[in-house]
Structure formats: C-alpha cells, structure tokens
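# Breakdown of the fold
Each chain, letter by letter, is given below.
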Amino acid sequence: MQITGVHRDIDNALSEPGMVAISGYVYSAVSRQIWKGEANRLLAFRLGLEFCDKKLKKGESYLIFASPDSFGRLQLRSCEAAVAESEATNMLARLKDIEKQG
C-alpha cells in the first residue's frame, strides 16, 4: 500500500497551552492488495510512539501487518509491522504462494 497522508495523533490529556503532545501518527493509504480482512482500497491506520518511534513516509509503499485496536481501528504494534516494499520481496512472494494454495 502507498501512504497518501500522514496526520499527527494528538494526546489532549498530555497537551498544555502552547504545547501539543503527539502520541503517534495516523496514516491514510491506498492498498493494492488485502491479504486478510475487509477489502477496502482506502485505509487508515495508527502507529503509536509507544510501539515505534519512526515515522512512515508519505508517497512510500509498505507491506503492513495491522490488527484492530479496542475501538476497531487498524493499528500497527511494532516498527516491524511496516516493511518498506523494497525490503518485502520475499514476504510478498510467500504471501502470493499461500494465496495460490488456498
């Protein structure tokens, strides 16, 4: 999937006047392939700073491994849950093999 937007996830409880506390990022993306779950082409998911301190890049493509949080929103739970497409060749090939097997 390709990241189309990056939005700050603001923690209002920790924010103070003149200072905004960011708890992570919410990403919007366009998927090319859904391996499991609902087949929506447009996705939104969260990657909290408690799980990963890196920020995904707008315009870049990733293979993501997301699961729903307690509110049903997609969330990544580690830095390893977002693999740059250029580094995911072997994983993508394996997923395609599994899909063929049924």
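Note that the coordinates shown come from a computational prediction; the quantities given were computed from them, not determined experimentally.

This paragraph deals with the side chain of Q75. Relative to the helices and strands, Q75 resides in strand β6 (residues 74-76). Here Q75 falls in the buried class, since its relative accessible area comes to 7%. Sequence-distant contacts of Q75, defined by excluding residues within four places in its chain, comprise R46, F51, A66, S67 and D69.

As for its placement among the helices and strands, Y25 is situated in strand β2 (residues 22-30). Distance in space between the C-alpha atoms of Y25 and K54 is 9.8 Å, their sequence separation being 29 residues. Filtering out sequence-adjacent residues up to four positions away, Y25 remains in contact with V6, H7, R8, D9, F45, R46, L47, L49 and K55.

Turning our eyes to something else, we now look at the pattern of salt bridges. As enumerated under the stated definition, the model contains three salt bridges in all. R46 is the partner of D9 in a salt bridge, and the nearest nitrogen-oxygen pair spans 2.4 Å. Here R46 lies in strand β3 (residues 42-48) and D9 lies in strand β1 (residues 2-10), a separation of 37 residues in the sequence. Per residue, the accessibility class of D9 equals that of R46, and both read buried. Among the ionic pairs, R46 bridges to E50, the shortest N-O distance being 3.3 Å.

A sheet is described by the order of its strands in space; here five strands give the open sequence β1-β2-β3-β6-β5, paired in mixed fashion. Edge positions in the sheet fall to β1 and β5 (67-68), since each of these pairs with one other strand and no more. Pairing geometry for β5 and β6, over two bridges, is antiparallel. Note that in β6 the partner of S67 across the bridge is Q75.

We now examine the environment of R77. Tracing the backbone shows R77 in the loop between β6 and β7 (82-84). For the pair R77 and L49, spaced 28 residues apart in sequence, the C-alpha to C-alpha distance is 9.7 Å. Within the structure, the side chain of R77 is placed 3.1 Å from the backbone oxygen of P68, a separation counted as a polar contact.

Glancing now at the state of the cysteines. Evaluation of the coordinates by the stated rule reveals one disulfide. Between the sulfur atoms of C52 and its disulfide partner C79 the distance amounts to 1.9 Å. Here the disulfide of C52 and C79 is right-handed, its torsion about the S-S bond being about 100°. Of this pair, C52 sits in the loop between β3 and β4 (62-64) while C79 is found in the loop between β6 and β7, placing the two residues 27 residues apart along the sequence.

This part is about the packing of aromatic side chains. The full count for this structure, using the stated rule, is two aromatic pairs. Summarising the aromatic geometry, the rings of Y25 and Y27 are spaced 6.4 Å apart at their centres and angled 45° between planes, so their arrangement reads as tilted. Here Y27 and F45 contribute two aromatic rings whose centre-to-centre distance is 5.3 Å and whose plane-to-plane angle is 25°, an arrangement assigned as stacked. Of this pair, Y27 sits in strand β2 while F45 sits in strand β3; the two residues are 18 residues apart in sequence, bridging distant segments of the chain. Owing to a relative accessible area of 0%, Y27 belongs among the buried residues under this scheme.

What counts and what doesn't
- Residues numbered from 1 in each chain as written.
- Predicted model: local features only at pLDDT ≥ 70, side-chain atom pairs only at ≥ 80, totals over all residues.
- Heavy atoms only, no water.
- Helix = DSSP H or I, 4+ residues; strand = E, 2+ residues; numbered from the N terminus.
- Buried < 20%, exposed > 50% of the residue type's maximum accessible area, 1.4 Å probe, protein only.
- Contact = heavy atoms within 4.5 Å.
- Salt bridge = Lys/Arg side-chain N within 4 Å of Asp/Glu carboxyl O.
- Pairing = 2+ DSSP bridges.
- Polar contact = N/O pair within 3.5 Å; in protein donor to acceptor, adjacent residues only side chain to side chain.
- Disulfide = S-S within 2.5 Å.
- Phe/Tyr/Trp six-rings, centres within 6.5 Å; stacked < 30°, edge-to-face > 60°.

Coordinates in, geometry out; function isn't part of it.
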